[in-house]
Amino acid sequence: MSHAFIVHGPKDVDSLLKVHEALRQAGIATWYEPPGADTRESQASTAEAIDKSFAMIVLVSASSIRSREAQAQIERGIARGMTIIPFRIDNARLSGTFKKQLAENLRLAMMDEGGLEKLVAEVRGRYRRKCPVLSVMNLKGGVGKTTIAAQVFGAWQAALGGRVLLIDLDPQYNLTQTFFDMEAADQSAAKDKSVISLFEKSRLHAVDAPSPAERWNHLSADPFPTPAAEDIVHPLLGGDGPGGVLDLISGQFEISKYAFATDSAALSAIDTNFQRTIDHLRSSYDLIVFDTNPNATFLTRCALEASDRVIAPMHPDMYSLRGVKLLNQVLNEHIRPDNRPELSVLFNKVSRNEQSTFEADARNGAHDQRAGFDLAGALLQTALPRSGHLDVRSPEPDQAPWKSLVIHNGRGGGLKKIRESLTSAASEIRERLQAA
């Protein structure tokens, strides 16, 4: 699990706990050396914690400026090229390492109006770049959302590495049934080891809690502890399969209840629960991918608000183009500009004939006006071919989940070119994320 490491002085306990709690409320894990700890064992664990952190927050105070331990921790972070965020908690005069290394970037202070909130926002921004979240979405069905979520990001994990988490946000839960039969999916949902536990307090969080899946006319706005990743995910790799981490949070029909709910206050609280839980899961993964439903619903808003980028699969036809146009309208009219994800479009099921007509016209800008935005600029250069290998199908009985991934299973029949296309699409998406 990745975390923010907090450097502090021995007399900074009150400020330390305020910063820790604010970040915890934002779903961001922290690590700090317990005040008063100064043993060989604690020094070793502190060094390890620094090396595993995504950023270092330095509480700048009279106490930390005089602390040799604090200076040593900062120097270790600098030596490892870490992002360091200084945060002033008193008006002590800078000296030594603090003056030399931190003065130029010392913009945030606890004493300023909204200072703690500004710190949380900056740390959250760094945290989200560490693990981006993508939504695979088009407001038209049948364009290959589940194919892209499973096959492109299965190829991402295989070719580019990292810990990848797939989350099935479609009430039809086809992504889940790509890897597990319906009985296994339903058994998981019956235990609340499923997507609904990202939204409401469930039996996954407390043994005596009622299942939100069984209460269609009730929405629970109660806060709940964010579950450990291993308590809710289903590993898709492993056993006799390829190495690495590709996990799934399984879907279920019961999340469709949110489309019928009318209690706006409860829905707002449930959305907040979802955003907090996703932020917490970022600490355990390098990429999170939502497979979504093809409608503009509460679930759509939740996914878009949590996402850093949207990948819109599109067939080379006017019907798919309209779905992308509607999606772009939803993004611009219903998601705040400061929280609006970028949109990329991926052609799917393109035949040789179509490559010379609709696709070529789209890449030349001929459909930009009809789309209502710069479609040509949003298009990925890669296009996935029309192939039966990429059709969504249920797994065979007792089939290992990883065998549903084209990147790992099968041979012949043009599979080499298909795998190259999947890997190329994954690489291009990563490049756009890194350039943002």
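Quick note: structure is the one above.
Throughout this document, residue positions are counted from 1 along each chain, in the order its sequence is written. Predicted model: local features are reported for residues with pLDDT of at least 70 only, side-chain atom pairs are reported and counted for 80 or more only, and whole-chain, interface and lining totals are derived from all residues. Values shown for side chains rest on all heavy atoms present in the structure; no hydrogens or waters enter the calculation.

(A) How the structure looks around the pattern of salt bridges. Here, a salt bridge means any side-chain nitrogen of Lys or Arg that lies within 4 Å of a carboxyl oxygen of Asp or Glu. Tallied over the entire structure, the rule returns 16 salt bridges. As a salt-bridge pair, Lys52 and Glu48 come within 3.1 Å of each other at their nearest N and O atoms. You can see Lys52 and its partner Glu48 sitting in helix α2 (residues 40–52), four residues apart, about one turn around the helix. A relative accessible area of 49% means that Lys52 is categorised as partly exposed. Buried residues are those whose accessible area, probed at 1.4 Å on protein chains only, stays under 20% of the maximum for their type, while exposed residues exceed 50% and partly exposed ones sit between those limits. By relative accessible area, Glu48 is classed as partly exposed at 44%. Across the salt bridge formed by Arg203 and Glu214, the nearest N and O atoms sit 3.9 Å from each other. One end of the pair, Arg203, is in the loop between α9 (182–190) and α10 (229–232); the other, Glu214, is in the loop between α9 and α10, with eleven residues separating them in the sequence. Put simply, Arg124, Arg128, Asp279, Arg282 and Asp308 are held in one network by salt bridges that share partners. Strands are runs of DSSP state E lasting at least 2 residues, helices are runs of H or I lasting at least 4, and numbering of each runs from the N terminus.

(B) Representation of helix α1 (residues 13–25). Between its terminal C-alpha atoms α1 stretches 18 Å, which fits the 18 Å expected from 13 residues at 1.5 Å a residue. Among the residues of α1, Ser15, Leu16, Val19, Ala22 and Leu23 are the ones counted as buried. All buried residues of α1 project into a common sector of 135 degrees when viewed along the axis, lining one side. Tucked inside the fold, the buried residues of α1 contact β1 (4–7), β2 (30–31), β3 (55–60), β4 (84–88) and α6 (115–130). Multiplying 1.5 Å by the residue count of a helix minus one yields the expected span of that helix. The arc in question is the one traced by the directions running from the helix axis out to the C-beta atoms. Throughout, a contact is declared for two residues whenever any of their heavy atoms are within 4.5 Å.

(C) Representation of the side chain of Ser220. Looking at the secondary structure, you find Ser220 in the loop between α9 and α10. Judged by its relative accessible area of 6%, Ser220 falls in the buried class. Other than its neighbours up to four places away in sequence, Ser220 contacts Glu200, Lys201, Arg215 and Ile270.

(D) Looking closely at the layout of surface pockets. Points on a 1 Å grid over protein atoms alone make up a cavity when a 1.4 Å probe fits among them but cannot get out, and a pocket when they form an open set with protein on both sides within 12 Å along at least five of seven lines; lining residues each have an atom within 4 Å of a point. Grid points are joined across faces, edges and corners, and a volume is the space filled by probe spheres set on the points. There is about 1,100 Å³ of room inside the largest pocket. Every residue lining the largest pocket is counted, 43 residues in all, and those nearest its centre are Arg124, Arg128, Arg129, Asp279 and Asp308. Put simply, the parts of the chain that give the lining of the largest pocket at least two residues each are α1, α6, α7 (145–160), α11 (264–282) and α18 (415–435). The biggest single contributor to the lining of the largest pocket is α11, with six residues.

(E) Seen up close, unusual backbone geometry. One non-glycine residue, Tyr173, adopts positive backbone phi at about 40 degrees. Residue classification places Tyr173 among the buried residues on the basis of a relative accessible area of 10%. A positive phi angle is found at Asp398, which is not glycine, with a value near 65 degrees. Looking at the secondary structure, you find Asp398 in the loop between β13 (379–385) and α18. When its relative accessible area of 83% is taken as the criterion, Asp398 is described as exposed.

(F) Representation of the pairing of strand β6 (residues 133–136) within the structure. Residues Val133 and Ser135 line one face of β6 and the alternating positions Leu134 and Val136 line the opposite face, and both faces are buried. What makes two strands pair is DSSP finding at least two bridges between them. Bridge count between β6 and strand β10 (residues 287–291): four bridges; the pairing is parallel. Looking at β10, one finds that Val136 is bridged to Asp291. Pairing of β6 with strand β11 (residues 309–314), which is carried by three bridges, proceeds in the parallel orientation. Its bridge partner being in β11, Leu134 is matched across the sheet by Arg309.

(G) Region of interest: the packing of α6 against α11. Each axis is a line fitted through C-alpha atoms, and for a helix only the stretch in contact is used; angles between axes span 0 to 180 degrees, taken between their N-to-C directions. For the pair α6 and α11, interaxial distance at closest approach is 9 Å and the crossing angle is 60 degrees. Handedness of the α6/α11 crossing: left-handed. Each of Arg124, Tyr127, Arg128 and Lys130 in α6 lies in contact with α11, whose residues at this interface are Asp279, His280 and Arg282. Nonpolar residues are Ala, Val, Leu, Ile, Met, Phe, Trp, Tyr, Cys and Pro. Charged residues are Asp, Glu, Lys and Arg, and all others, Gly as well, are polar. In the contact of α6 with α11, the residues fall into one nonpolar, one polar and five charged. With the far helix as reference, a near helix turned anticlockwise by less than a right angle produces a left-handed crossing, and one turned clockwise produces a right-handed crossing.

(H) Up close: the packing of α11 against helix α12 (residues 298–306). Between α11 and α12, the shortest axis-to-axis distance is 10 Å and the interhelical angle comes to 40 degrees. On the basis of their axis angle, the class for α11 and α12 is oblique. As α11 packs across α12, the resulting crossing turns out to be right-handed. Within the contact between the two elements, α11 uses Leu267, Ile270, Asp271, Phe274, Gln275, Ile278 and Arg282 and α12 uses Phe298, Cys302, Ala303, Glu305 and Ala306. When describing relative orientation, an angle under 35 degrees is termed roughly parallel and one over 145 degrees roughly antiparallel, while 65 to 115 degrees is termed roughly perpendicular and anything else oblique.

(I) Focus on the sheet that holds β13. The mixed open sheet is built from eight strands, whose spatial order is β8-β9-β7-β10-β6-β11-β12-β13. Edge positions in the open sheet fall to β8 (234–235) and β13, since each of these has one partner strand only. With two bridges connecting them, β8 and strand β9 (residues 245–249) associate as antiparallel partners. Residue pairing across strands places His234 opposite Leu248, the latter belonging to β9. Contacting β6, β7 (163–168), β9 and β10, α11 crosses the sheet at an angle of about 140 degrees to β10.

Scope: geometric values only; no functional claims are made or implied.
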